[in-house]
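Okay, here's what each chain looks like letter by letter:
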Amino acid sequence: MAMEDEDVNAAVVATNNTQTGASKKGGDVGGTGACIDRQPDKGVHPAGLHQTAGRGSRSGPGAATGIRVLKRNMKRNGSRGCVTRKTRFGSRERDWLKGDTQRGCVCLYGATVDPQPPASGPQASSTPQTDLQLVLCSTSTTVEELCAQRDGKGLYVQLHGDLVRRLDPSERPLQILYDYLASMGYADPVRVQQEAANSDLSCLIRFYSEHPVNADQQERTLLKGVFSVRKGKTQLHKWAERKVILCGTCLIVASVKDSLTGKLHILPLVGGKVEEVKRRLHCLMFSSAGSQAQTYFVNFDTLADYQRWHRQASKVVSQTVSMVDLSCYSLEAVPEYLFYSQDITHLNLRHNFMSLQGPGGLLNLPRFSQLKSLNLSHNRLGVFPECVCEILTLTELNLSCNNLHVVPVQIGNLQSLQTLSLDGNHLSSLPEELGGLSQLNSLGLSFNNFSHIPAVLERLSAVDKLAMAGNRVETLELCTLAIMSHLKNIDLRLNGLRWVKSESPDAVSQVTQLDLRDNCLATLDLSSICNLETLHCQRNQLVTLTLSGFTLRMLHASSNRLTTVNIYPVPNQLTHMELSQNLLEYLPDWVCDCRKIEMLDITHNLLSELPSRLLNSLSLRKLLAGNNRLQRVPDLLDHVPLEALDLQHNRLAELPESLFYKALNLKFLNASANALESIPPSSQSEESLSTLQELYLTGNNLNENCGALLVGHQNLRVLHIAYNQMLSFPASKLSKLELLEELDLSGNKLKTIPSTVSSCKRLHTLIAHSNHITVFPEILNLPEIKLVDLSCNELTEIQLPDSLPATLQDLDLTGNNSLMLEHKTLNLFSHITTLKLDQKSTTTAGDSLSASTPWNHGYSEMSGQRNKLCVSVLTVDRFGDGVEACYGIFDGDRNEEVPRLLQCTMGDVLCEELQHSSIDNVYMCNTFLTSHRKLGMAGQKLGASALLCYIHHKPSDPGGYLSLTVANVGTCQAVLCRDGRPVPLSKVYSLENCTEEMERVKLSKAIITEDNKVSGVTCCSRLLGCSYLSPWVLPKPWVHTEPLCSQDEFLILGNRALFEWVSYQEAVCTVQAVRDPRAAAKKLCSLAQSYGCKDNIGAVVVSLHIGVDSCTCEPPVSTTEPRGAPPAPAPVTVTPGPSEPATLSSSSGIVSEFSSETSASEVGSEAGSTASDEHQSSGPAPRPERRCSLHPATTLCGIMVPGSGGSGTHPGLFQRQPSCATFSSNQSDNGLDSDDEAPLEGVISNGSKLEVEVDIHCCAFQLRSGSTESAQDFDLEKRNSDYPNGKMRRQNSVVVSATNGCLLAVCGREIADLKKSPSTCSLFGKKLSNGSVVAPEDSHNLIEVALEAPKKKSGYFNAPAQQDPEDQLIVPPSLEQEVREQLRGQSPLVSGSSITPSFKEPVWDHPHPPAFPSNMVPGPGPAPFLQQEVYDTAL
């Protein structure tokens, strides 16, 4: 290739200089710091470099190929085989790459590397990959130039660990790589260059210097070897060494050893036999079929060969037809031995890269004399292979998805052809010769570029179906269909169809099925199609619809704008009609006259009444009339066969009195979200004949009297009666529902669940959250119980039997603030798959931490009727270094692993991307793309919808207004409540809802199935994962940033299942009516289930408390103000481990385990309550004041005797401030001299272990000079520290660290650093409020400081500090004297000035519990202070 001499020389020097093995630091191509799966022996090759340069220093595997191999001492990070990018290139190489973004690096693998992506786990990364070479080149470098330089025969590319394609000599590998990254969504050329140099990208795209070897593929394609062979069953023939081949459908035996030059014996195996010869070791008998059957005995040398041949031959003999399947083998030609199988009738070469030339190329396929079916789809042919037109025996030919533009006239030679598939090409016309194929009865033309129906179809009289979905037909002339009298089934989906014209009075009598879905039709008159039986016209823009009713059987017209439907005559054959999501205000009269109507769907319309004749129809079995404006349902006059009735989301105050004893076949009734105050009786007498099995009454005004009316429904299996006005459930009535399997009593006012629930032996699901239940129900003796949700109640203790049922998988006890669990209880719960408990009580430091943020959250996940939960949420109230938060939700549809992986890693990826860019669209997009790559690295083939919300300040103004940046792919959505109205923030990337995405997928020639799924896999056009569907399904997200203001009340995150059943407005109204975010999320999920959702549901509710000027302060609260119930603490999910009694994992996927040293009282008591100060008042505690960086607190450092000043402060408590850090120490340095004294509020003591939560003022300040020696020691420690961002380690000392106006005093024996990763620092800052619990030994001697101070260098932040006489520390009386003694020798601290805060009352006015707030930790000795200098120790 052409390259500048200085660039080549620089590369040569870099190559020679890096032979010493020293790891160099500095700038690099891959500056993101991600771990790369590489090994020490790698080759770095600047393309165009002379092979003779530096030959004397060449070594390693690259020496034989002329490629310089750099041997370095790679610096390992983490697991084996994981090295930083900084060690990949020398400085000259990096400078050469930085000189032009069109230069880059191609990772070139050898044939010994397995083409599949490595599996996840530490073992996979240690697999030797010694033949990886890094080739430096430019985007103009061709394959021919690279091969000429390295004496190679060619290059190959593999996408997504799948097929391997040989590159043409003119193709440019680096340009291919850059184009691939650009199609994913990378926009910055520098970032594209960095990602291209990342060898982790090989899970998505990988280049090979040789065709990779796949043993499994070779086995299924061709088996050969030299073995001992004997012909015939008699002993007259002797054993002889012969070459044996198994290929296609035949066994080939040579007559000469080690050669095929002599006579070949062909043994057809289809229908024959392969048997084991027991008298001889590793011997098989092969026999052909028929009366002239021949037999060969083959003796194999090894057991492996024997098993391999036996397995493959058994597949062949079991076939009923002579079929050879060579699909998805990356073949360029079929094996030459395959042509010996002349009995082949069916040959499948789908998903290969077949070429025309060569011994096994397409030009030789006519050698198969009996071939009937040939599949060449997805072969990137580009041109119609005319050679297949010479295979005159063909009856079926598939050439779909081959980028064909023209069909040759030779197609007319295939007179026996019956099926021709040309879908997914670029065809716009067909040759006239095609009309001569008289036997052709199936022609596939979908997803091409036809603008009209080809006229040649008129001559194809045997074709009865017109398959032209996904073309460009804008006008359909019905007269054209009338001429083609043989067409009965018309498929014109996704054509952009705008007009259907009927200019001729002639009737179109032959068409019976018509599919016009997903077009742009405004009106549709098909009255001339007199024999129409089935019509699909969903998702158009229809206002009027006119049809002929003579033979109409099924009508699907949902998601339009219909106000009426005209059908004449009355469709007496109509059985199924869908008119949902239209604008119907009344039902046409002809609907009631339909004699055979069985299913009618009229949901989501504007109907105010139902005709009495409709409900009394003698044929109607299923009526769906939800989401209308119905105020009453007509009475039933006689017995009707109705089996399912949906009346949810109407305005019904009562149901017909005769409903249950007139509709004796009724098995399903949903009357949720109405105004019902009672339900009708099940019968007119004591004996009930009710067959009702599912009853949904959620969201009404029912009271406990309805329990007596439910007794008659003794076949009831599912009962949802949540969010009503029930004070109790009659015990005697519940005992009679013996067949009950699922019971939902959430959101009522129940104080107890009757003990008679133990009579429901089939009960497997009990949901009773958001009540006032104080006693755990007697359900743990039920043999089939699986799920119990008693969250948000008032449980205090649990009485358990000696053993729990093995079926119990999910137990949710969060939100029970007074619940105390003993060690015995936790041991009994150890086998439960998912155990959710509160992390701490409302008086612990964890909640005080979350109280310091201007938001708090709650979430809920429900598995529905599935056996596994495929939805995960990420909730981090304190993200990063300042007042920031991160929330996310991930929906894997039917896969549970991908959401869990995203939950555990996506926060880390966002944190890393924020270090590289401050542009919201850039860092959010790169976060999704990096997560997409990580899924490939983990070996995941499936994908997931993902939504990520990041609350932050503007990077240019850290103390200014807050913004919310939302990014999403797939169907997860975010809705912001602003002034009581929903504001959608996300974009739904499904083919049905996004027309531009549908058009993009069509242009890329994807096959969209009739259920609107890409290749039948997913309805989403953008997902994380599913890389094998690229470029149709992309990981690039939608990104939107919304400035937050004081009118923003809360944020709702949900997956597809939630918002499919709960509208934006209903979701907002639901959350507004509930004070607790967790209870609100629970209610959203319960409502969706009661409305009919059967899938996994996930919801996150984030309460926002944003001031008028985006301030995060909270107003001061008087101590005399009456307070309500405390907020629910952060939940913790407990998953039992193999050795520990229980393991706690937060909703963000971070697992923390209970230590074996942690006593049962700590788990039961300290997780639910903490020790209090001996002088603590029993009265209501004041709500701690939260301050933001705009309005710092007025009290900083100093001493204030209790009662001497400060309004709103309790004399026995420290004052709560916004930021916090958590410390653990072996020493009891909390100011207590002995164990007899009462522990401090906020201090959790466990013998020698101690956890103290300390708060830090967010306020500008400067420290006056203290001890010079102390300052110098601190400065030296700061400079010599190996920990970035000011994280320090000191032993047996006190460290004082100041950062942009924040003071931290740490006492302890040692302060060790933690990684900044959100996934590991679960105890510190952002993860603690998410529910993580860290065992005391895990957090031992650890410090992580998360500060939110602004980084301004002007204004009052830089002004000289003036001491405020009111800046004093509030100390409990019991510690006053001791604190004075400890601080006697310290220099005074000077506070900064303050301004008057502005604030906003929060949406949910929750009182925050008292905690252990402090602006200084008293230590055992004097603390060193800094001179007038500020050190940045933020994360």
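Everything below is about the structure shown above.
What counts and how
The numbering scheme is per chain: residues are counted from 1 as the chain's sequence reads. The predicted origin of the model limits local features to residues at a pLDDT of at least 70 and limits the giving and counting of side-chain atom pairs to 80 or more, whereas totals for whole chains, interfaces and linings rest on all residues. Calculation of side-chain values draws on the structure's entire complement of heavy atoms; hydrogens and water are dropped beforehand. The way it works is that DSSP assigns letters per residue, a run of H or I at least four long becomes a helix, a run of E at least two long becomes a strand, and they are numbered from the N terminus. For the exposure calls, accessible area comes from a 1.4 Å probe over protein chains only, and a residue counts as buried if that area is under 20% of its type's maximum, exposed if over 50%, partly exposed in between. In what follows, residue pairs with any heavy atoms lying within 4.5 Å of each other are defined as contacts. Surface accessibility follows the Shrake-Rupley procedure with a 1.4 Å probe radius. Residue values consider only the protein chains on display as shielding. Two strands pair under a simple rule: DSSP has to find at least two bridges between them. Only buried Ala, Val, Leu, Ile, Met, Phe, Trp, Tyr and Cys residues count toward a nonpolar core, and they belong to the same one when joined by side-chain atoms within 4.5 Å. To obtain each axis, a line is fitted to C-alpha atoms, and for helices this fit is confined to the stretch in contact; angles are then taken between N-to-C directions over 0 to 180 degrees. Each Phe, Tyr or Trp ring, with Trp reduced to its six-membered ring, pairs with another whose centre is within 6.5 Å; inter-plane angles below 30 degrees give stacked pairs, above 60 give edge-to-face pairs, and intermediate values give tilted ones. The cut-offs work like this: below 35 degrees is roughly parallel, past 145 is roughly antiparallel, 65 to 115 is roughly perpendicular, and the gaps in between are oblique. Left-handed is the label given to a crossing in which the near helix is rotated counterclockwise from the far helix by less than a right angle, and right-handed is the label when the rotation is clockwise. Residue polarity is assigned by list, with Asp, Glu, Lys and Arg as charged and Ala, Val, Leu, Ile, Met, Phe, Trp, Tyr, Cys and Pro as nonpolar; anything else, Gly included, falls into the polar class. The span you would expect from a helix comes to 1.5 Å times its residue count less one. Fitting one axis to the seven residues ending at a residue and another to the seven starting there, the bend at that residue is the angle between the two axes.

Undergrad: Sorry, what's going on with the overall build of the protein chain here?
TA: Looking only at helices and strands, one finds 24 helices and 67 strands in the protein chain. Evaluated residue by residue, the protein chain yields a buried proportion of 59% over its 1435 residues. Counting contacts in the protein chain only where the partners sit at least 6 residues apart, residues at least 24 apart contribute 59% of the total. Within the structure as shown, the protein chain displays about 55,700 Å² of accessible surface, and the carbon and sulfur contribution to it stands at 48%.

Undergrad: Just to check I follow, could you spell out the pairing of strand 5 (residues 103-109) for this structure?
TA: Sheet faces and side chains relate simply in a regular strand, where the side chains alternate between the two faces. With 7 of 7 residues buried, strand 5 lies mostly within the body of the structure. Side chains of strand 5 alternate between two faces, with Arg103, Cys105, Cys107 and Tyr109 and Gly104, Val106 and Leu108 buried alike. In the sheet, strand 5 pairs with strand 9 (residues 205-208) via 2 bridges, with the strands oriented parallel. Looking at strand 9, one finds that Tyr109 is bridged to Tyr208.

Undergrad: What's the story with the nonpolar core in this structure? I'm lost.
TA: Proteins that are soluble and globular tend to have nonpolar side chains buried together. Counting 165 residues, the largest nonpolar core has Leu374 and Leu555 as the members making the most contacts within it. It is helix 9 (residues 589-593) that provides the largest number of residues to this core, a total of 3 residues. Look past the residues within four positions of Leu374 in its chain and what remains in contact with it is Leu347, Leu349, Leu365, Val388, Ile391, Leu394, Glu396, Leu397 and Asn398. In this structure, Cys977, Ala1057, Ala1079 and Leu1084 belong to the second largest nonpolar core, which totals 29 residues.

Undergrad: Even after reading the chapter, I still don't get the sheet that holds strand 30 (residues 544-548), so can you show me in this structure?
TA: Each strand in a sheet pairs with another by means of backbone hydrogen bonds, the pair being arranged parallel or else antiparallel. Taking strand neighbours across the sheet as the criterion, the 3 strands line up as 28-30-32 in an open arrangement whose pairing is parallel. The strands lining the two open edges of the sheet, one partner per strand, are strand 28 (523-526) and strand 32 (564-568). Between one strand axis and the next, the sheet turns through 10° on average, direction left out of account. Pairing of strand 30 with strand 32, which is carried by 5 bridges, proceeds in the parallel orientation. When the sheet's bridge partners are listed, Leu545 is paired in strand 32 with Val565.

Undergrad: Just checking my understanding: could you explain the sheet that holds strand 54 (residues 1048-1054) for this structure?
TA: With antiparallel pairing, the 5 strands of this open sheet are ordered in space as 45-55-54-50-51. The open sheet has two free edges, formed respectively by strand 45 (855-862) and strand 51 (981-984), since each of these has just one partner strand. The mean inter-strand angle of the sheet, taken between neighbouring strand axes irrespective of direction, is 20°. In this fold helix 20 (residues 1064-1072) packs onto strand 50 (973-978), strand 51, strand 54 and strand 55 (1097-1104), with an angle of close to 120° to the strand it touches most, strand 54. Running at roughly 30° to strand 45, helix 21 (residues 1077-1091) makes contact with strand 45, strand 54 and strand 55 of the sheet.

Undergrad: Looking at this structure, I do not really get the packing of aromatic side chains. What am I missing?
TA: For any pair of aromatic rings, geometry is given as the distance between the ring centres together with the angle between the planes. Applying the stated criterion to the full structure yields 9 aromatic pairs. Ring geometry for Tyr109 against Tyr208: centres 6.3 Å apart, planes inclined by 55°, an arrangement best described as tilted. Of this pair, Tyr109 sits in strand 5 while Tyr208 sits in strand 9, and the two are 99 residues apart along the sequence. Residue classification places Tyr109 among the buried residues on the basis of a relative accessible area of 1%. Here Tyr208 falls in the buried class, since its relative accessible area comes to 0%. Judged by centre distance (4.9 Å) and plane angle (65°), the ring pair of Phe227 and Phe300 falls under edge-to-face.

Undergrad: I would appreciate a short explanation of the packing of helix 20 against helix 21 in the present structure.
TA: How two helices pack is summed up by the angle between their axes together with the distance between the axes. Between helix 20 and helix 21, the shortest axis-to-axis distance is 9 Å and the interhelical angle comes to 135°. With respect to their mutual orientation, helix 20 and helix 21 come out oblique. Considering how the two elements wind past one another, helix 20 and helix 21 form a crossing that is right-handed. For the pair formed by helix 20 and helix 21, the contact residues are Glu1066, Ala1067, Thr1070 and Val1071 on the first element and Ala1080, Lys1083, Leu1084, Leu1087 and Tyr1091 on the second. Across the contact of helix 20 with helix 21, the residue classes tally to 6 nonpolar, 1 polar and 2 charged.

Undergrad: So what exactly am I meant to see when it comes to unusual backbone geometry here?
TA: Most of the time, phi is negative for any residue but glycine, and the peptide bond is trans. The omega torsion of the bond from Tyr568 to Pro569 falls at -5°, within 30 degrees of zero and hence cis. Mapped onto the elements, Pro569 comes out in the loop between strand 32 and strand 33 (576-578). Cis geometry marks the peptide bond from Ser1030 to Pro1031, where omega comes out at 5°. Along the chain, Pro1031 falls in the loop between strand 52 (1024-1025) and strand 53 (1038-1043). Unusually for a residue other than glycine, Ser330 sits at a positive phi of about 60°. Within the secondary structure layout, Ser330 lies in the loop between strand 17 (323-325) and strand 18 (346-348).

Undergrad: What is the right way to read helix 16 (residues 897-913) from this model?
TA: Residues spaced three or four apart along an α-helix point in a common direction, a consequence of the helix completing one turn every 3.6 residues. With 17 residues, helix 16 extends 24 Å from end C-alpha to end C-alpha; this agrees with the ideal 24 Å at 1.5 Å per step. A bend of about 40° at Thr905 is the largest found in helix 16. Those residues of helix 16 lying buried are Val898, Pro899, Leu902, Gln903, Met906, Gly907, Val909, Leu910, Cys911 and Glu913. Where helix 16 is buried, its residues touch helix 5 (189-196), strand 46 (871-876), strand 47 (885-891), helix 17 (920-937), strand 48 (943-954) and strand 52.

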